[in-house]
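So the chains spell out like this:
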Amino acid sequence: MVKEAPVFQIVGFKNSGKTSLLQELIAYGTGKGEQIAAIKHHGHDEPLKVMHHDTDSYRLHESGAFMTGVDSARRFQLELDHRDSLSLERLVELYRFFNPDLIVIEGFKNEPYPKAVVIKRSEDLDLLELSNIKFVITWDLKLTEGLDFPVYHLDDWRRQVPEVYQVVTGGV
């Protein structure tokens, strides 16, 4: 039986550094030979851009296929239209089909998965009321003094990625 991949979220408000932090985490895990899958929440009003413009897959999708996949020797792309919003649980289920070693999520603040919270400004402190917080990444240590969670300063992030990765994967 295949071990189910752990799921870990990084949440914070827009322009707090979530994507950059996830990039570091993904690069570290990939460097260890692990396969990491990422899910990003698009919480903005503007529509998503189509992944493959002016290609055969784009033409098939535009002709009415609700799901279009393109498989090559080393990459698979999927375009999916859905009437109702897909739950994060459903997306995680889909990702687990591909047997990753880790699934990382950017956003989906209110979901119950283990998570890190990024605190950039004092206005972000409400995020500390979310469930299942494992650690906090802060731009300003003064904002996060006295927390019961481990706190990592953004400037120290790269140096502490190996330790953080252990927490993310459930190793600590």
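As a reminder, the structure under discussion sits directly above these lines.
I will try to describe carefully the structure that is included in this document. (Residues numbered from 1 in each chain as written. Predicted model: local features only at pLDDT ≥ 70, side-chain atom pairs only at ≥ 80, totals over all residues. Heavy atoms only, no water.)

1. Remarks on the packing of helix α1 (residues 18–31) against helix α4 (residues 157–168)
1) Next: Contact pair α1 / α4: the axes reach a minimum separation of 10 Å and the direction vectors enclose 70°. By the criterion of interaxial angle, the relationship of α1 to α4 is roughly perpendicular. Residues Leu 21, Glu 24, Leu 25, Tyr 28 and Gly 29 of α1 touch α4, and the partners they reach there are Trp 157, Arg 158, Val 161, Pro 162, Val 164, Tyr 165 and Val 168. (Axes fitted to C-alpha atoms, helices over the stretch in contact; angles between N-to-C directions. Helix = DSSP H or I, 4+ residues; strand = E, 2+ residues; numbered from the N terminus. Parallel < 35°, antiparallel > 145°, perpendicular 65-115°, else oblique. Contact = heavy atoms within 4.5 Å.)

2. Topic: the nonpolar core
1) Next: Counting 19 residues, the largest nonpolar core has Ile 10, Leu 25, Phe 135, Ile 137, Trp 157, Val 164 and Val 168 as the members making the most contacts within it.
2) Next: Breaking this core down by element, the ones donating at least two residues are β1 (7–11), α1, β5 (102–106), β6 (115–119), β7 (133–138) and α4.
3) Next: Per element, the largest residue contribution to this core is 6 residues, and it comes from α4.
4) Next: Excluding residues within four positions of it along the chain, Phe 135 makes contact with Phe 8, Lys 115, Ala 116, Val 117, Phe 149, Pro 150, Tyr 152, Trp 157, Val 164, Val 167 and Val 168.
5) Next: If you look at the next biggest cluster of nonpolar residues, it comprises 11 residues, including Ala 5, Val 7, Ile 103 and Tyr 113. (Core = buried A, V, L, I, M, F, W, Y, C linked by side-chain atoms within 4.5 Å. Buried < 20%, exposed > 50% of the residue type's maximum accessible area, 1.4 Å probe, protein only.)

3. Remarks on the packing of aromatic side chains
1) Next: According to the stated counting rule, one finds 4 aromatic pairs in the structure shown.
2) Next: Aromatic pair Tyr 28 and Tyr 165: ring centres 5.2 Å apart, planes at 65°, arrangement edge-to-face. Pair noted here: Tyr 28 is in helix α1 and Tyr 165 is in helix α4, with a separation of 137 residues, a long-range link.
3) Next: What makes Tyr 165 buried here is its relative accessible area of 2%.
4) Next: Look at Phe 97 and Phe 98: their rings are 5.2 Å apart centre to centre, the planes differ by 90°, and that puts the pair in the edge-to-face class.
5) Next: For Phe 98, a relative accessible area of 53% translates into the label exposed.
6) Next: Linked through ring pairs, Phe 8, Phe 135 and Tyr 152 together constitute an aromatic cluster.
7) Next: The ring of Trp 139 has Lys 120 sitting right over it, with the charged end atom 4.4 Å from the ring centre. (Phe/Tyr/Trp six-rings, centres within 6.5 Å; stacked < 30°, edge-to-face > 60°. Lys NZ or Arg CZ within 6 Å of the ring centre and 35° of its normal.)

4. Here we look at the pairing of β1
Look at any regular strand and the pattern is simple: side chains alternate between the two faces of the sheet.
1) Next: For β1, the tally of buried residues reaches 5 of 5 residues, placing the bulk of the element in the interior.
2) Next: Taking every second residue as pointing to the same face, both faces of β1 are buried, with Val 7, Gln 9 and Val 11 on one and Phe 8 and Ile 10 on the other.

5. Quick notes on the sheet that holds β6
1) Next: Overall, parallel pairing links the 6 strands, which are arranged β2-β5-β1-β6-β7-β8 in an open sheet. Each edge of the open sheet is held by one strand with a lone partner, namely β2 (36–40) and β8 (151–153). Each neighbouring strand pair of the sheet contributes to a mean axis angle of 20°, computed without reference to strand direction.
2) Next: Here 4 bridges tie β1 to β5, and the two strands are oriented parallel to one another. Bridged to Val 7 within β5 is Ile 103.
3) Next: Its contacts with the sheet put helix α3 (residues 88–96) on β1, β2 and β5, and the angle it makes with β2 is roughly 155°.
4) Next: Where α4 meets the sheet, its contacts fall on β1, β2, β5, β7 and β8, and the angle it forms with β7 comes to roughly 170°. (Pairing = 2+ DSSP bridges.)

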